[in-house]
There are 2 protein chains.
Amino acid sequence: MISTKEKILNEAEKLFAEQGFAETSLRMITAKADVNLASVNYHFGSKKTLIQAVFERFMDRITNDISHEMEQLALKEEPIEVADVLQTLKQPIKNLDKFRPDGAGVFMNLLGRSYAETQGHIRRFAMDKYSHVFNRFVGFLQISSPHCEPSEMFWRLHFMLGSFIFSLAGHKALQEIAESDFQQSVSIDQIIDKLIPFMSAAFSHNEAGF
Amino acid sequence: MISTKEKILNEAEKLFAEQGFAETSLRMITAKADVNLASVNYHFGSKKTLIQAVFERFMDRITNDISHEMEQLALKEEPIEVADVLQTLKQPIKNLDKFRPDGAGVFMNLLGRSYAETQGHIRRFAMDKYSHVFNRFVGFLQISSPHCEPSEMFWRLHFMLGSFIFSLAGHKALQEIAESDFQQSVSIDQIIDKLIPFMSAAFSHNEAGF
DNA sequence: CACCAATTCAAACGACTGTTTTAAACATAC
DNA sequence: GTATGTTTAAAACAGTCGTTTGAATTGGTG
């Protein structure tokens, strides 16, 4: 039997991703989840902490998977290339779709909206809880690109983050356009498969030319 | 003398970019702009059309500038490189900062929020009015990358769009992190100067390897 | 069975939302 | 001057929001 708490989380994540945090009311969520309005405040305390709980469920999953991929990467004997590091993101993102319906799209939506958030309380929360995974990922990137300064790497990382968020959060609209313009359907997997070599090439360039 | 209409537009764009559309009430805007609440509906009809007007003022400016840059590019005699095409974005984005306070950041914020929007009425509006500029830009890109299929180019374009929006819309937060982590201040101009070669390298790669 | 805690429920709270209304003030033209 | 159309003003409208309340209901324990 699925609990009230889970019913709320399941509907909330859908609606938050589709409409945004502010545009989604607790009444919409509880109506769709077929639970009482007051149960949100009972189980989660407030709307703010509900948002955080939705976000946390995804982050726990994907950071777990990424950590696992990085374990594998650490075993590699040949030199670690940029593409190898970025590849560690591939399966974890794809796994989100198995985790939840349209998981990758929903998660990137949440991630993007979290960054756009005013007070940034989600970002602070994420930095507290998941910084070790993030730092390890950056470490691998540095190894694969010893010529690239940390500050330059910082910016490149966020350029990439923007590409992931934007193209995957909006993948439905983009897929529709792509289909009507090129008669060619593209899955989320294929988007990621285009994105990773694209980004690998970007990371591999040398602005100074050596 | 600055008109009521302009006072509203000026405050609205700031608040929309800082807090989002839904989180910004007409009462906040009119209080900050020191005009009457009803004047928004009088001058703009509704909140929705106010959002559109704020967006339009930026789009008119930047598409104008980009068109001008592309005129120059069309005169070039040597073969047009990817980097040349992307360079046409550089000055127009920088000019936004002269146009309005923190114009680039505000505009990218608006652009990002418009894409995240539910009904997407802004996106449809933009496609109607500015598609010719967009199409011309894509045309130049195709010329500079004849090996790249249109559908592949479509996705690369949106990867790039995501990077621009994400890094410039959130530039203040990112700049703060960069300064505290690397004791190194980075201006918007410098972000763009990092972004364009980064993207040029990404666009120049050949996934098929020929 | 009774007991207690955990959960659910309907209803209401005060605050805030976009929009409309009606009247007053203003500018410009005749 | 009066008349005309534009702009501002204060107030009220109907509706939604997140949250709280207090009673009803449930589930498990002695």
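Residues numbered from 1 in each chain as written. Chains lettered and ligands numbered in written order. Predicted model: local features only at pLDDT ≥ 70, side-chain atom pairs only at ≥ 80, totals over all residues. Heavy atoms only, no water.

S.K.: Teacher, can you tell me more about empty space enclosed by the protein here?
M.R.: Empty space among the atoms can be located by rolling a probe the size of a water molecule over them. All names here are of chain A. Applying the stated criterion across every chain, the model contains one cavity of 30 Å³ or more. Quantified by volume, the largest cavity comes out at close to 620 Å³. Where the lining of the largest cavity is concerned, the elements lending two or more residues are α4 (47-74), α5 (82-99), α6 (103-116), α7 (121-144) and α8 (150-169). Looking at the lining of the largest cavity element by element, the count peaks at nine residues for α7. Of the residues that constitute the lining of the largest cavity, the class distribution is 21 nonpolar, four polar and one charged. (1 Å grid on protein atoms, 1.4 Å probe; cavity = no way out; pocket = protein on both sides within 12 Å on 5 of 7 lines; lining within 4 Å. Points joined across faces, edges and corners; volume = space filled by probe spheres on them. Helix = DSSP H or I, 4+ residues; strand = E, 2+ residues; numbered from the N terminus. Nonpolar A, V, L, I, M, F, W, Y, C, P; charged D, E, K, R; others polar.)

S.K.: What exactly am I supposed to notice about the relation of the copies chain B and chain A here?
M.R.: Both copies of the chain are placed relative to one another by a rotation about an axis and a shift along it. Once chain B is rotated about the relating axis by 180 degrees and shifted along it by 0.0 Å, it coincides with chain A to within an RMSD of 0.1 Å. Such a combination of turn and shift is consistent with a two-fold rotation axis. Interface residue correspondence from chain B to chain A reaches 100%, placing this contact among same-surface, isologous pairings. (Least-squares fit on C-alpha atoms with pLDDT ≥ 70 in both. Contact = heavy atoms within 4.5 Å.)

S.K.: I tried to follow the protein's contact with DNA strand C on my own but got confused; where do I start?
M.R.: Neighbouring residues of DNA strand C: 16 residues in total, closest T4(A), Y42(A), H43(A), R27(B) and K47(B). Among atoms of DNA strand C positioned within 4 Å of the protein, sugar and phosphate together represent 49%. Interatomic distance of 3.4 Å between a backbone N/O atom of N36(A) and a phosphate oxygen of DNA strand C. Between DNA strand C and N41(B) there is a distance of 3.2 Å, counted from a phosphate oxygen to a side-chain nitrogen or oxygen. (Near = heavy atom within 4 Å. Polar contact = N/O pair within 3.5 Å; in protein donor to acceptor, adjacent residues only side chain to side chain.)

S.K.: Could you clarify how one ought to interpret the protein's contact with DNA strand D in this entry?
M.R.: Taken together, 15 residues lie around DNA strand D, and R27(A), K47(A), T4(B), Y42(B) and H43(B) are the ones closest in. Put simply, 52% of the atoms of DNA strand D that lie within 4 Å of the protein are in sugar or phosphate. One nitrogen or oxygen atom from the side chain of Y42(B) is found 2.9 Å from a phosphate oxygen belonging to DNA strand D. Contributing elements (two or more residues each) for the surface near DNA strand D: α2 (26-33) and α3 (38-44) of chain A together with α3 (38-44) of chain B. With three residues, the single largest contributor to the surface near DNA strand D is α3(B). Of the residues that constitute the surface near DNA strand D, the class distribution is five nonpolar, seven polar and three charged.

S.K.: It is not clear to me how the environment of S187(B) should be interpreted in this structure. Could you clarify?
M.R.: Relative to the helices and strands, S187(B) resides in the loop between α9 (171-182) and α10 (188-204). As a C-alpha pair, S187(B) and H171(B) span 16 residues in sequence and 8.7 Å in three-dimensional space.

S.K.: When you look at the nonpolar core in this model, what are you seeing that I'm missing?
M.R.: Side chains of a nonpolar character, in soluble globular proteins, are inclined to be buried together. Among the nonpolar cores identified, the biggest contains 138 residues, and L50(A) and L50(B) are the most heavily contacted of them. Filtering out sequence-adjacent residues up to four positions away, L50(B) remains in contact with I8(B), L9(B), A12(B), F16(B), L26(B), I29(B), V40(B) and F44(B). (Core = buried A, V, L, I, M, F, W, Y, C linked by side-chain atoms within 4.5 Å. Buried < 20%, exposed > 50% of the residue type's maximum accessible area, 1.4 Å probe, protein only.)

S.K.: Honestly, the interface of chain B and chain A in this entry has me stumped. Any pointers?
M.R.: The interface is formed by 42 residues belonging to chain B together with 42 residues belonging to chain A. The contact between chain B and chain A buries some 3700 Å² in all, and 76% of this surface belongs to carbon and sulfur atoms. Area buried by chain B at its contact with chain A is led by W155(B), F159(B) and F198(B), which between them contribute 22% of it. Taking the shortest distance from any N to any O, the salt bridge between K194(A) and E152(B) comes out at 2.9 Å. (Buried area = accessible area lost by both parts, 1.4 Å probe. Salt bridge = Lys/Arg side-chain N within 4 Å of Asp/Glu carboxyl O.)

S.K.: Hey, could you run me through the packing of aromatic side chains in this one?
M.R.: How two aromatic rings sit relative to each other is given by the distance of their centres and the angle of their planes. This model, assessed by the stated rule, comprises 20 aromatic pairs over all chains. A ring pair is formed by F16(A) and F21(A), whose centres lie 5.1 Å apart and whose planes are at 75 degrees; its orientation type is edge-to-face. No difference in accessibility class separates F16(A) from F21(A), as the two residues are buried. With 6.3 Å between their ring centres and 20 degrees between their planes, F55(B) and F107(B) make a pair best called stacked. A residue pair is termed long-range when its members are at least 10 positions apart, and F55(B) in helix α4 (residues 47-74) and F107(B) in helix α6 (residues 103-116) qualify at 52 residues. The same class applies to F55(B) as to F107(B), namely buried. Cluster of aromatic residues (ring-pair linked, three or more members): F55(A), F58(A), F99(A) and F107(A). Sitting over the ring of F44(A), K5(A) keeps its end group 5.9 Å from the ring centre. (Phe/Tyr/Trp six-rings, centres within 6.5 Å; stacked < 30°, edge-to-face > 60°. Lys NZ or Arg CZ within 6 Å of the ring centre and 35° of its normal.)

S.K.: Help me out: how do you make sense of the pattern of salt bridges in this one?
M.R.: Residues and elements named next belong to chain B. In the structure shown here, the tally under the stated rule is 28 salt bridges over all chains. In this structure, D65 engages R61 in a salt bridge whose closest nitrogen and oxygen atoms are separated by 3.2 Å. Of this pair, D65 and R61 both sit in helix α4, four residues apart, which is roughly one turn of that helix. Of the residues examined, R61 reaches a relative accessible area of 27% and is grouped as partly exposed.

S.K.: Before we go on, may I ask you to explain the packing of helix α5 (residues 82-99) of chain B against α10(B) in this structure?
M.R.: Between two packed helices, what matters for the description is the angle formed by their axes and the separation of those axes. Residue and element names in this part refer to chain B. Taken N-terminus to C-terminus, the directions of α5 and α10 make an angle of 160 degrees; their axes are 10 Å apart at the nearest point. One finds that α5 runs roughly antiparallel with respect to α10. In terms of crossing hand, the pair formed by α5 and α10 is right-handed. Residues V82, A83, L86, Q87, K90, I93, K94 and D97 of α5 form the contact with α10, whose own contacting residues are I188, D189, I192, D193, I196, M199, S200, F203 and S204. Of the residues belonging to the contact of α5 with α10, the class tally is nine nonpolar, three polar and five charged. (Axes fitted to C-alpha atoms, helices over the stretch in contact; angles between N-to-C directions. Parallel < 35°, antiparallel > 145°, perpendicular 65-115°, else oblique. Left-handed = near helix turned anticlockwise from the far one by under 90°.)

S.K.: So what exactly am I meant to see when it comes to the domain arrangement of chain A here?
M.R.: All names here are of chain A. For chain A, the assigned domains are domain 1 (1-45) and domain 2 (52-204). One C-alpha centre belongs to domain 1, the other to domain 2, and the line joining them spans 26 Å. Between domain 1 and domain 2 the total buried area reaches about 990 Å² when both faces are included, carbon and sulfur atoms providing 64% of it. It is E13, A17 and F21 in domain 1 that bury the most area against domain 2; as a group they hold 57% of the surface buried on that side. Inspection of the domain 1/domain 2 interface yields two salt bridges. (Domains from an automatic or database assignment.)

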